[in-house]
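# Coordinates in review
As a plain string of letters, each chain reads:
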Amino acid sequence: MKQKIVILTGAGISAESGISTFRDAGGLWEGYDINEVATPGGWNRNKELVLEFYNARRKNVREVKPNAAHYALKELEKKYNVVIITQNIDDLHERAGSKNIIHLHGEIMKARSSTNDDILYELGDKDINLGDTCERGSQLRPHVVWFGEEVPMMEKAMHKVSEADILIVIGTSMAVYPAAGLVNFVPFYIPKYIIDPKIPSELHINNLVKIEKKAGEGVPELVAKLMELKN
């Protein structure tokens, strides 16, 4: 039986492909107030503004490509059972070929009904505009988790990390909750790796190897070592 590697990815891995991030935005993201475009209250106040914001984010995603880190993670599937749990709403993991992905914060390339979370649509090359509705007549919204909303995939993610034989954390400071709390469900004795150029000094996790590099450099290096272990 293949060992299970569970990988947590954050904004850092996508930033290297050119995806905009509000990690250091101080409440503004490309000139938008996050409270107005990424909260249920903002949606209720100005749906057109929220749709405009996410249409721009979606355009950004379409224009970029997976980077070396994304492709390296795909390679792990040749010798390991790999689960990727990502905080990112882009589809770069999928486009790199990874098969088993849990999107904690939703998927920007999908739309859903504003009244029924189970009604989903693939957007392809389309945007969402005011007046676009689902088959039941409700306005479509981005299929993303806004600040203040529940994270519906958390329970599934907790279950996956509890089964891990190896944990890899990439491109995240482990400061965004509830995602950061997933490390509390990982078996304490398994090997753990974190790859990020800015690893918090106060991060103390048992059996943790810190790799202070960008994902595009650190991930291929770690993947090469893990693949060698299986030769």
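Further up the page is the structure itself.
First things first, this report covers the structure right here in the doc.

Definitions and limits used
- All residue numbers refer to position in the chain's written sequence, counted from 1.
- This being a predicted model, a pLDDT of at least 70 is required before a residue's local features are given, and a value of 80 or more before pairs of side-chain atoms are given or counted; all residues contribute to the totals for chains, interfaces and linings.
- As a rule here, side-chain values cover all heavy atoms of the structure and leave hydrogens and water aside.
- Salt bridges, as used here, are contacts in which a Lys or Arg side-chain nitrogen is within 4 Å of a carboxyl oxygen on Asp or Glu.
- Only protein chains enter the accessibility calculation, which uses a 1.4 Å probe; a residue is then buried when its area is under 20% of its type maximum, exposed when over 50%, and partly exposed in between.
- Only runs of H or I of at least four residues qualify as helices and only runs of E of at least two qualify as strands under DSSP, and these elements are numbered from the N terminus.
- Within this scheme the basic residues Lys and Arg register as positive and the acidic residues Asp and Glu register as negative, but His and the chain ends are omitted.
- Note on contacts: a residue pair qualifies if any of its non-hydrogen atoms lie within 4.5 Å across the two residues.
- Nine residue types can take part in a nonpolar core, namely buried Ala, Val, Leu, Ile, Met, Phe, Trp, Tyr and Cys, and a core is a set of them joined through side-chain atoms within 4.5 Å.
- When DSSP finds at least two bridges between two strands, those strands are taken to pair.

## Structural notes on the pattern of salt bridges
In a structure, side chains of opposite charge can pair up when their charged atoms sit close to one another. One pass over the structure, following the stated rule, counts 14 salt bridges. Linking E75 and K78 is a salt bridge whose minimum nitrogen-to-oxygen distance equals 2.7 Å. On the basis of relative accessibility, which here comes to 56%, the residue K78 falls in the exposed class. Because the salt bridges share partners, they merge into one network encompassing R58, R62 and D127.

## What to know about the side chain of K160
As for its placement among the helices and strands, K160 is situated in helix 7 (residues 154-162). Among buried charged residues, K160 stands out as having no salt bridge; its nearest opposite-charge side chain is E163, 4.8 Å away. Each residue touching K160, except ones within four places of it in the same chain, is listed here: K4, V6, V83, I85 and I102.

## Some thoughts on the nonpolar core
Grouped together as the largest cluster of nonpolar side chains are 24 residues, with contacts concentrated most on F53, Y54, I128 and W146. When contributions to this core are tallied by element, the ones reaching two or more residues are helix 2 (34-37), helix 4 (47-63), strand 6 (106-113) and strand 8 (140-144). Not counting residues within four places of it along the chain, the set of residues in contact with Y54 comprises V37, A38, I89, I108, P142, V144 and W146.

## Let's talk about the pairing of strand 10 (residues 192-195)
Residue alternation in strand 10 divides its side chains into two sets, K192 and I194 and Y193 and I195, and both sets are buried. Here four bridges tie strand 9 (residues 166-170) to strand 10, and the two strands are oriented parallel to one another. Its bridge partner lying in strand 10, L167 is registered against K192. Across four bridges, the pairing between strand 10 and strand 11 (residues 208-211) is parallel. Within strand 11, the residue paired with K192 across the bridge is L208.

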